[in-house]
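Results of the structural survey
So the chains spell out like this:
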Protein chains: 2
Amino acid sequence: MPRTLPPNPSDVPAAPPRAAAGPGGGARGRPAVSPNLRLDQRVRERVAAGEDVLHLGFGESRLPVPPLLVERLAAGAVHQDYGPVEGRPAVREAGAGYFARRGVPTTPDQVIVGPGSKALLLAVLAAVPGDVVLPAPCWVTYAPQSRLLGRRVVPVRVPDGCGGVPDPGELASAVRHARAAGADPRLLVLTLPDNPTGALAPPELVRRVCGVAERHGLLVVSDEIYRDLVHDPVRPVLGPAELLPARTVVLTGLSKSLALGGWRVGLARFPDGPAGRALRDRVTALASESWSALAGPLQEVARTAFAEPPEIRAHVRASARLHGAVTGAVHDLLRAAGARCPRPAGGFYVYPDLAAVRPALAAHGITDAPSLQARLLDGFGVAVLAGHHFGDDPRALRFRVATSLLHGDTPEERLAVLHAADPVTTPPVARALARLRAVLAELTGASVAADLSGVR
Amino acid sequence: MPRTLPPNPSDVPAAPPRAAAGPGGGARGRPAVSPNLRLDQRVRERVAAGEDVLHLGFGESRLPVPPLLVERLAAGAVHQDYGPVEGRPAVREAGAGYFARRGVPTTPDQVIVGPGSKALLLAVLAAVPGDVVLPAPCWVTYAPQSRLLGRRVVPVRVPDGCGGVPDPGELASAVRHARAAGADPRLLVLTLPDNPTGALAPPELVRRVCGVAERHGLLVVSDEIYRDLVHDPVRPVLGPAELLPARTVVLTGLSKSLALGGWRVGLARFPDGPAGRALRDRVTALASESWSALAGPLQEVARTAFAEPPEIRAHVRASARLHGAVTGAVHDLLRAAGARCPRPAGGFYVYPDLAAVRPALAAHGITDAPSLQARLLDGFGVAVLAGHHFGDDPRALRFRVATSLLHGDTPEERLAVLHAADPVTTPPVARALARLRAVLAELTGASVAADLSGVR
C-alpha cells in the first residue's frame, strides 16, 4: 500500500492487442471493492429483493463441508492464544507434507498459514521489490494488489486455448520491453489450474515459462488454489516449484477444494535456500504487523485438511469430478451457442468468447465486455463476470462463467449433487443448465436454437 | 506497504527528550517480527526447553472463554460462504449496538469486522494519507505499521502519570513543528485505556486533546481494545468519538476483554458523515484485496460477543476486576522496590520506571532499557518488554509488566482465579508475585528488601 493511495502508476504499455486494458484495468485510481465480491454482494441484494438470479458470477463453492473439519473447528476453540505468527508447528508440518506429496520436498519452516491465500499473496508481493508480470487474462486480484503496493503491472498474453501461464516468447519480450521502458519486473504470477479460463497449463509450457523466468531473474508465485480440483485424476500436473524450487512461492488454501471460502485459510510454501528463508522472514514480519496469526480454531482445521486423511481426499476427489461434469456441460452449451471456448481442465470456471455471434448480441445492446455483463444481469437475470475484470480486452465478448453455485440451495441438495452418478441430471444442475440454454438461445437468436436443443 | 520495503523514511525529529527514539525506534530498515510476538516466541522456546520463565512479556490473556462463545464458534461452521467484506448484517448490527451503548450512536453501515483490530488499523492507516502522530510511549505496532506504509511518525510525550493520550500543548507544537519540517501529520492515534502504561486518560485531557486534533485537522484513531477492562466499574470513560464523532475511528476487538487473541476478531467504527463513509469504503476496498472477510465462524462469535448478553457482560466484568487486583498488587510491589509507577486503571499492564534504583541495577549489568530486558530474562528468568519497544527513551529503565499470563497453567486454575474473592491469594498469582518480589529484592539490593517483605 503506497503512502497516500494516489492515482496508481501507469502500467507498462506492453499489453498485446488482446489484453489492451491490462489485468484489472478497472482498478485505476482509488481502490474499489474487488469486482467479484462486489458482484456477489449485488446478486445477494437482488435475490433478497425477490429476484431469481442465475448466479454464475462468483467462484464460491458451497458443497458440503466434511464433518471431520466441522469437528476440528469446534475442537480448535482451545486455541485462544496467539501462537506463532507462521502457524503452530503441527500445522506447518501438515502443510509441508501437503507440498511434499505434490513433488516438492518441503520442511515445516518453509510454510506459513494465513487468513486466506489472498492475504498471503499481498504479503509476498509487499515483501518482494519490483514490478509484477501477469498472464492476461488472470484472477481479478493480482493487478489491484500490485497497484495498491505501487507496482507496475506487465500483462502478457496467454497462448490460445490456454490460461494461467503466459506465452514464453511474449514473456521474454515483455520483460525486455518493460526493462527498457524503465520498469523493474521481478515477479511472475502463474495460476495452475487457471481462474478465469479453467485451463491447466501443460508441463511443456510450464517448463518453457520457468526457463524464461530463470533467465530473466523473476521470482515465480504459483497460485495453486485450484490444483486439487483438476478434473481428470490421472492428468499430470507440473508445478513451477518442481522446476524452480529456489525461486518459486506456492500458494494454496481451503477455499476451493474444500468449499471453505468463508473460513479463510491460506497456505504458502517459500523457496528453498537462503533467499527463500529471507523472503519467509519478511512475510512473517509483515504478517506480524497485520493479521498476527491465522485464527487458532482455523489452524486446527488447516492441520487436518492439509494432512489429507482418506475422508478428505475422497471428498476433494468427488468435488473435482462434479466440477468436471458441470463445467463440461456448460462448455458444451456455450460451444453449441457459437462460443469459442476451451474445455476446462480444473476448477469450476468456463471462459467463453462470443465473437462469432457478435451481430446477434448487438441486437440486445451487447457490444463489449461491460455491456455484456450489465445486460446479462439486467435483461436476463444472469450474473457473470466479464473479461475486462480479468485484464482482458474490454472490447471482446469474453466472460467468466462460474459453475460453483449451481449445486442447489440447501445442504441436502448439494450433498445429493456431490454424490450423484450423473450430476448434470440432478434437479438443481439440470434447472440451471436449462435456464442457461434458454438465455443463450434468446441471446444468439433462432439460428442456433436448434443446435442448442440437442445439448442437454 | 511501500514499493520495495526500503529503509524507512526519517521520522520527524520532534521527539522530546523522554522519547528520543520515537515509538518503535527499533523498527527501522527491514521489517522485523513485532517485538511482543517475537518475545513470546522466545519464551515459548525456553519453556519448551525446560526453563521456568516468569512470563510478564506478552499481553495475552488465557482466562476461560465463555461457553456461549465456544458454542457460537461451532455453530458458525455453517458460514462457509465469503459473505460481505464488511461483515454480515447481523454482525454489523451487533457492532453498532456495542458502540451505541458507549455513548456513540452508530448505524450498522458504520462498522466493519476484520481479522483483528491490528489488521483493521493497518487498513485505516493505509486508507488515510499523511503522517501519523503517536503518544510516546505507545503500543509496539503503531509505529512499525506507519513506517511500513511509508509514513513518518511524530511522537508526542504523554503527560506525567498518564498514558495513551499526548500532552495537548506538546501535541499542538509537535504538529506545527512537523508541518514546518515538511511532514504532513493527518492522523492521531490514542489508546484508552493504554498499552503499555495501563493509564486511562481522564475526560478533561481527552477533551483538550480532541480540541487540538480538531483545530489541526487530525483524524483521530481511538484504540479502545482495553476499554471494557477498566478496573473500576463506575469510573467514567470519555472516548474521542463522543466529542468528535465525524473525525474519529474507533477500534476494538475480543482479544483482551474476552481473552480471545488467538481467535482474531476486530471491530471498527467509522466516523459519521460523508467523509466517514468515504473512509469506510476505502477500508472496505483494501479489505477486499487482503483478507476478503472475517472468517464466517468468527463472525458468529462476534455477533454474540458484541451483542453483550448478560453472561458476556458478567464475564468481562469479572475479568476487569481480576486484572485490577493483580495489576494493583504488582504495582504495590514495584513501588515498594523503589519504582516510579502510576497505578493502572485498566487492562493488564504496569509500566514502572526504576530510575531511582539505577545504581543497584548497574551492579547487575542493567544500564538501559535493552540491557534491562535482556538481563531480566537471561539472569532472572523474567520476561518483560522494555520501554524502547514502545518508543520510550532507550536510556530509561522503564519496562512493561503484563500480568495477563499469571492466572495459572490450566483452564481449571484460571477459572478458579477468575472467580476468586481475592485473586492475589490464589496459588498461581501468589506464586508469581512471590517470585517477582524475590527478583526485585535481588535486583535492588538488601536496602529495599525490608520494605518489600511488607507487601504481600
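Quick caveat, the model's predicted, so the values are computed rather than measured. (Residues numbered from 1 in each chain as written. Chains lettered and ligands numbered in written order. Predicted model: local features only at pLDDT ≥ 70, side-chain atom pairs only at ≥ 80, totals over all residues. Heavy atoms only, no water.)

**Observations concerning the overall build of chain A**
Quick note on the threshold: A helix here means a DSSP run of H or I that spans at least four residues, while a strand means a run of E at least two residues long, and both kinds are numbered starting from the N terminus. We compute the radius of gyration over the C-alpha atoms and compare it with the globule rule, which gives 2.2 Å times the number of residues raised to the power 0.38. Partly exposed residues are those whose accessible area sits between 20% and 50% of the maximum for their type, while under 20% is buried and over 50% is exposed, using a 1.4 Å probe and protein chains only. Throughout, a contact is declared for two residues whenever any of their heavy atoms are within 4.5 Å. Note that accessible areas follow from Shrake-Rupley with a 1.4 Å probe, and for residues the cover is restricted to the protein chains shown. Note that His is not counted, nor are the chain ends; the positive residues are Lys and Arg, and the negative ones are Asp and Glu. To locate a charge, the coordinates of NZ of Lys, CZ of Arg, CG of Asp or CD of Glu are taken.
Looking only at helices and strands, one finds 16 helices and twelve strands in chain A. Here the C-alpha atoms of chain A give a radius of gyration of 21 Å, agreeing with the 23 Å that 2.2 N^0.38 yields for 456 residues. Overall, the C-alpha framework of chain A stretches about 65 × 55 × 40 Å when taken along its three principal axes. Scored against the burial criterion, the 456 residues of chain A give a buried share of 67%. Of the contacts made within chain A by residues no fewer than 6 positions apart, 74% connect residues no fewer than 24 positions apart. Within the structure as shown, chain A displays about 14,400 Å² of accessible surface, and the carbon and sulfur contribution to it stands at 56%. Taking the average location of the 51 positive side-chain charges in chain A and that of its 42 negative ones, the two points are 4 Å from each other.

**Topic: helix α15 (residues 427-444) of chain B**
Residue and element names in this part refer to chain B. In plain terms, the rule: By this rule the span expected of a helix is its residue count minus one, scaled by 1.5 Å.
With 18 residues, α15 extends 25 Å from end C-alpha to end C-alpha; this agrees with the ideal 26 Å at 1.5 Å per step. When α15 is considered as a whole, its buried residues turn out to be Pro428, Val429, Ala432, Leu433, Leu436, Val439, Leu440, Ala441, Leu443 and Thr444. Once α15 finishes, glycine 445 follows within two positions and takes phi at roughly 90°, a positive value.

**As for the relation of the copies chain A and chain B**
This is how it is decided: The copies were overlaid by least squares, fitting only the C-alpha atoms of residues that reach a pLDDT of 70 or more in each copy.
Between the two copies, chain A and chain B, the superposition gives an RMSD of 0.0 Å; the rotation angle is 180° and the shift along the axis is 0.0 Å. In the structure described here, the two chain copies are related by an operation that fits a two-fold rotation axis. An overlap of 99% is found between the interface residues of chain A and their copies at the interface of chain B, pointing to a shared contact surface.

**Structural notes on the domain arrangement of chain A**
All names here are of chain A. The condition that has to hold: Segmentation into domains, and thus their bounds, comes from an automatic or database assignment. Joining two parts hides part of their accessible area as seen by a 1.4 Å probe, and the buried area is that hidden amount summed over both. What makes a salt bridge here is a side-chain nitrogen of Lys or Arg within 4 Å of a carboxyl oxygen of Asp or Glu, nothing more. Whenever a nitrogen or oxygen atom comes within 3.5 Å of another N or O atom, the pair is scored as a polar contact, on the condition that within protein one atom can donate a hydrogen and the other can accept it, and that pairs from neighbouring residues in sequence are kept only if both atoms are in side chains.
The domain architecture assigned to chain A consists of domain 1 (25-63 + 312-453) and domain 2 (68-308). Placing the centre of domain 1 and that of domain 2 at their C-alpha centroids yields a distance of 26 Å. Between domain 1 and domain 2, the residue contacts involve 37 residues of the former and 35 residues of the latter. Here domain 1 packs against domain 2, burying approximately 2,900 Å² in sum over the two surfaces, 61% of which is carbon and sulfur. Of all residues in domain 1, Ile312, Ala345 and Phe390 bury the most surface against domain 2, accounting for 22% of the area lost on that side. At the boundary of domain 1 with domain 2, the tally comes to zero salt bridges. Connecting domain 1 to domain 2 are 13 residue pairs in polar contact (both at pLDDT 80 or more). Broken down by secondary-structure element, the contributors of at least two residues to the side of domain 1 that touches domain 2 are α1 (35-48), α11 (310-336) and β9 (349-350). In terms of residue count, the dominant contributor to the side of domain 1 that touches domain 2 is α11 (ten residues).

**Considering the sheet that holds strand β5 (residues 185-191) of chain B**
All names here are of chain B. Convention followed: For two strands to be treated as a pair, DSSP must find at least two bridges joining them. Axis definition: a line fitted to C-alpha atoms, over the contacting stretch in the case of helices. Angles run 0 to 180 degrees between N-to-C directions.
Ordered by their spatial adjacency, seven strands build an open sheet running β2-β8-β7-β6-β5-β3-β4, and the pairing between neighbours is mixed. Unpaired on one side and paired on the other, β2 (111-114) and β4 (153-157) mark the two borders of the sheet. The average undirected angle you get between the axes of adjacent strands in this sheet is 20°. Of the strand pairs in this sheet, strand β3 (residues 131-136) and β4 are connected by five bridges, and their pairing is parallel. Note that in β4 the partner of leucine 134 across the bridge is proline 155. On top of the sheet, helix α4 (residues 117-127) reaches β2, β3, β5, β6 (219-223), β7 (248-253) and β8 (266-269); it is set at about 160° to β7, its chief contact.

**Remarks on unusual backbone geometry**
That bond from Leu192(B) to Pro193(B) is cis: its omega, -15°, falls within 30 degrees of zero. With respect to the secondary-structure elements, Pro193(B) resides in the loop between β5 and α7 (203-215). Cis peptide bonds are those with omega within 30 degrees of zero, and the linkage from Asn195(B) to Pro196(B) qualifies with 20°. At Arg264(A), a residue that is not glycine, the phi angle is positive and equals roughly 60°.

**Some thoughts on the UniProt feature "domain: Aminotransferase class I/classII large" (unreviewed entry) in chain A**
Short version of the rule: UniProt positions are given in the numbering used here, feature names are shortened, and annotations may be inferred rather than shown by experiment.
In the UniProt entry, the feature "domain: Aminotransferase class I/classII large" (unreviewed entry) is given for residues 52-402 of chain A. Along residues 52-402 of chain A, the helical share is 40% and the strand share 14%, with 17 Å between the first and last C-alpha atoms.

**Re the interface of chain A and chain B**
The criterion, for reference: Throughout, the ten residues Ala, Val, Leu, Ile, Met, Phe, Trp, Tyr, Cys and Pro are labelled nonpolar, Asp, Glu, Lys and Arg are labelled charged, and all others, Gly among them, are labelled polar.
Counting residues at the interface gives 71 residues for chain A and 71 residues for chain B. Across the interface of chain A and chain B, roughly 5,900 Å² is buried in total on both sides, 57% from carbon and sulfur atoms. Run the count over chain A and chain B and you get two salt bridges. Taking the shortest distance from any N to any O, the salt bridge between Asp81(A) and Arg44(B) comes out at 2.7 Å. Counting every contact that joins chain A to chain B gives 34 residue pairs in polar contact (both at pLDDT 80 or more). Classifying every residue of the side of chain A that touches chain B by side-chain character gives 37 nonpolar, 21 polar and 13 charged.

**Details of the side chain of Glu308(A)**
Residue and element names in this part refer to chain A. Relative to the helices and strands, glutamate 308 is located in the loop between α10 (296-307) and α11. Among the residues examined, glutamate 308 registers a relative accessible area of 11% and is labelled buried. Apart from the residues within four sequence positions on either side, glutamate 308 is in contact with Tyr98, Arg101, Arg102 and Arg313.

**Let's talk about the environment of Ser255(A)**
By secondary structure assignment, the location of Ser255(A) is in the loop between β7 (248-253) and β8 (266-269). For the pair Ser255(A) and Ser117(A), spaced 138 residues apart in sequence, the C-alpha separation works out to 8.9 Å. Excluding anything up to four places from it in sequence, Ser255(A) contacts Ile225(A), Leu260(A), Gly261(A), Arg264(A) and Tyr82(B).

**Some thoughts on helix α10 (residues 296-307) of chain B**
All names here are of chain B. Compared with an ideal rise of 1.5 Å per residue, which puts twelve residues at 16 Å, α10 spans 17 Å between its outermost C-alpha atoms and is within 8% of the ideal. Taken together, the buried positions of α10 are occupied by Gly296, Pro297, Leu298, Gln299, Glu300, Val301, Ala302, Thr304, Ala305 and Phe306. Positive backbone phi, at 55°, marks glutamate 308, one or two positions downstream of α10.

**Examining the nonpolar core**
Where a protein is soluble and globular, its nonpolar side chains tend to be buried together. The following threshold applies: Working definition of a nonpolar core: buried Ala, Val, Leu, Ile, Met, Phe, Trp, Tyr and Cys residues. They are joined through side-chain atoms within 4.5 Å.
The biggest cluster of nonpolar side chains holds 72 residues, and the ones touching the most others in it are Leu69(A), Trp263(A), Leu298(A), Leu69(B), Trp263(B) and Leu298(B). Apart from residues no more than four positions distant in its own chain, Leu298(B) is found in contact with Ala295(A), Leu298(A), Leu73(B), Trp263(B) and Val265(B). The next biggest cluster of nonpolar side chains, apart from the first, holds 49 residues, and it includes Ala123(A), Ala126(A), Ala383(A) and Phe390(A).

**Overview of the pattern of salt bridges**
Residues and elements named next belong to chain A. Overall, the coordinates contain 54 salt bridges over all chains when judged by the stated rule. In this structure, arginine 62 and glutamate 60 form a salt bridge, with 2.6 Å as the shortest nitrogen-oxygen distance. One salt bridge connects arginine 280 with aspartate 109, and the closest N-O pair in it is separated by 3.6 Å. Here aspartate 109 lies in the loop between α3 (89-100) and β2 (111-114) and arginine 280 lies in helix α9 (residues 273-288), a separation of 171 residues in the sequence. The class for arginine 280 is buried, based on a relative accessible area of 13%.

**Comments concerning the packing of helix α2 (residues 67-75) of chain A against α10(A)**
Residues and elements named next belong to chain A. Condition: Take the far helix as the reference: if the near one is turned anticlockwise from it by less than a right angle, the crossing is left-handed, and if turned clockwise, right-handed.
It is the contact of α2 with α10, at a shortest axis distance of 7 Å, that shows an interaxial angle of 145°. Between α2 and α10 lies a crossing whose hand is right-handed. Between α2 and α10, the contacting residues are Leu68, Leu69, Arg72 and Leu73 on the first element and Pro297, Leu298, Glu300, Val301, Arg303, Thr304 and Ala305 on the second. Taken together, the residues of the contact of α2 with α10 sort by class into seven nonpolar, one polar and three charged.

**Concerning the side chain of His407(B)**
Residues and elements named next belong to chain B. Its place among the elements puts histidine 407 in the loop between β12 (399-402) and α14 (411-419). Classification of histidine 407 by relative accessible area gives buried; the value is 1%. Here threonine 403 takes part through its backbone oxygen, which lies 3.5 Å from a polar atom of the side chain of histidine 407. Excluding anything up to four places from it in sequence, histidine 407 contacts Leu63, Leu322, His323, Val326, Glu413, Arg414, Val417 and Pro428.

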